[in-house]
Amino acid sequence: MLRGIPESEFQERIRRIQEKLEEHNFDAYLVHSNEADQGNIRYLSDYWPLFESAGVIIPREGEPILLVGPESETFARERSKIRKVRKLLEYREPADPEYPEIAVSTFRDIFDEVSGGKGVRRLALGDYTILPMPVVEGIKEALGEKGEIVRAEWIIAELRSVKSANEIALLREAHRISELVLEDVLHRIRPGMTEREVLGVVYESMYRHGAECEAFPNYVFGGKKTRNAIGRATDEPLREGELIQLCIGARFGGYASSVGRPIIFGKMPEEIRKRVQFGLDAHRKTLEWIREGVIAGEVAVKFYEYFVEHGYAANYLYGPCHGTGIIEVEKPWMEKTSSYPLQENMTFMADTFFTSEEYGFRWEDGFRVAKDGVELFSSAHWEILEL
């Protein structure tokens, strides 16, 4: 069984980025990751930082360098598919220790190394939204007044948006595990268990079925908390007659999944049943509209209009899909403003969220765009789930 991306594919990713650097006259490309969003660093090196953050710098020509904090060198060398590893204070943990005993590099050292001593003058920069100030300040100091920083998330976002056969295989397996976990939870969940108790069942099952880890803090919450598009489990007990939201997401070989299902103990009240069924119908409709060549924004417009036509405009929050891969939510999104065409082997989550004053719910499943439709990664229990 494939358990991760082969080294040759990491090398191909670097090569393709270097083609973009040459095409757009960039000296180097720098991306950043942290423990919560490891996407670009893991995509380029298979390294996933913890406590500290990390970067990868790719020169127009030559070898890339993995940039880590002072404590991470041995772990990074064990894990990384990038041979060169350098320590910088800018990537230390947020407690901001000084590490007087550890020899570290500076961004000026790194820029000289990747440029053969000529220095970097035009730097393409990714991960604008998560870049910390110490890294920004270190870059600016090393570039000097003549250096130029160009925001360029698009370089790696375009590369990551269309998946390889290996990536798709890992996404399939991650979703297969999540469906097995869902099955375990449906058999073991009981009224009176707290949300965190059920979350413990989720994680025990996930690791037992072979997951690398969870893809995100999985969702188990009930009652009014189901209105939350984003939330965490609490010590509240799960009660009969209240809607419960499950979003189960395993990570396998670096790739994330999510299977979202609303459930209830006992008979679902008629009004709730009607709405939950509408959500499932909208979920199915979304997938019917998708195939290679369709403009993403057209799918989002149809999705919103479907809510309006059925009298649920006030219950719409966002939709209908977001990209998925290393991170469960990554670029690109499908929104009404999206002008890009869908391409074969783009991967998304169909994320159908319905909100009201009393409760909310989500149907969520991963899929791959195909020439004539979609390949679903998960579809277990597309039904009203009454336990």
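Right above here is the structure, for reference.
What you see is a predicted model, and the numbers here were worked out from it, not measured in a lab.

Draft legend 1. Looking closely at the overall build of the protein. Counting its regular elements, the protein contains 10 helices and 18 strands. A globule of 387 residues ought to have a C-alpha radius of gyration of about 21 Å, and the protein, at 23 Å, matches this closely. Seen through its principal axes, the protein has C-alpha atoms that stretch 70 × 45 × 40 Å. Within the protein, residue pairs in contact and separated by at least 24 positions form 66% of the contacts whose partners lie at least 6 positions apart. Summed over its atoms, the accessible surface of the protein is roughly 16900 Å², and 49% of this surface lies on carbon and sulfur atoms.

Draft legend 2. Molecular detail of the side chain of Thr194. Examined against the element boundaries, Thr194 turns out to sit in the loop between α7 (165-188) and α8 (195-208). Judged by its relative accessible area of 17%, Thr194 falls in the buried class. With residues up to four places along the chain from it excluded, the contact list for Thr194 reads Thr234, Asp235, Glu236 and Pro237.

Draft legend 3. Up close: the sheet that holds strand β3 (residues 65-68). Strand order in the open sheet made by the six strands is β4-β3-β2-β1-β5-β6, with mixed pairing throughout. Bordering the open sheet on either side are β4 (84-87) and β6 (148-151), each of which pairs with just one other strand. Strand-to-strand twist of the sheet, defined as the mean angle between neighbouring strand axes without regard to direction, takes the value 25 degrees. Sheet topology note: the strand β1 (residues 28-33)/strand β2 (residues 54-59) ladder contains six bridges and is antiparallel. Residue pairing for β2: Val31 is matched across the bridge by Val56. Running at roughly 60 degrees to β2, helix α1 (residues 7-23) makes contact with β1, β2 and β5 (122-125) of the sheet. Sitting on the sheet, helix α6 (residues 153-161) touches β1, β5 and β6, and the angle it makes with β1 is about 70 degrees.

Draft legend 4. Molecular detail of the packing of aromatic side chains. The full count for this structure, using the stated rule, is 20 aromatic pairs. Between Phe307 and Tyr316, the aromatic rings sit 5.5 Å apart at their centres with planes inclined by 80 degrees, giving edge-to-face as the arrangement. Tyr316 shares its class with Phe307; the two are buried. Positioned above the aromatic ring of Tyr128, the side-chain terminus of Arg151 is 3.9 Å from the ring centre. Its guanidinium or amino end placed over the ring of Tyr304, Lys336 lies 4.0 Å from that ring's centre, counting from NZ or CZ.

Draft legend 5. Representation of the environment of Lys331. The residue Lys331 is located in strand β14 (residues 330-334) in this model. For the pair Lys331 and Thr347, spaced 16 residues apart in sequence, the C-alpha to C-alpha distance is 9.9 Å. Excluding residues within four positions of it along the chain, Lys331 makes contact with Glu153, Ala157 and Gly323.

Draft legend 6. Local environment of a nonpolar patch on the surface. A cluster of nonpolar side chains, Leu50, Phe51 and Phe75, forms an exposed patch at the surface whose accessible area comes to about 300 Å². With respect to the secondary-structure elements, Phe75 resides in helix α3 (residues 73-79).

About the cut-offs
- Residues numbered from 1 in each chain as written.
- Predicted model: local features only at pLDDT ≥ 70, side-chain atom pairs only at ≥ 80, totals over all residues.
- Heavy atoms only, no water.
- Helix = DSSP H or I, 4+ residues; strand = E, 2+ residues; numbered from the N terminus.
- Rg over C-alpha atoms; globule rule 2.2 N^0.38 Å.
- Contact = heavy atoms within 4.5 Å.
- Areas by Shrake-Rupley, 256 points an atom, 1.4 Å probe, with all protein chains shown as cover.
- Buried < 20%, exposed > 50% of the residue type's maximum accessible area, 1.4 Å probe, protein only.
- Pairing = 2+ DSSP bridges.
- Axes fitted to C-alpha atoms, helices over the stretch in contact; angles between N-to-C directions.
- Phe/Tyr/Trp six-rings, centres within 6.5 Å; stacked < 30°, edge-to-face > 60°.
- Lys NZ or Arg CZ within 6 Å of the ring centre and 35° of its normal.
- Patch = residues over 30% accessible without salt bridge, like charges linked within 9 Å, V, L, I, M, F, W, Y side chains within 5 Å.
- Salt bridge = Lys/Arg side-chain N within 4 Å of Asp/Glu carboxyl O.

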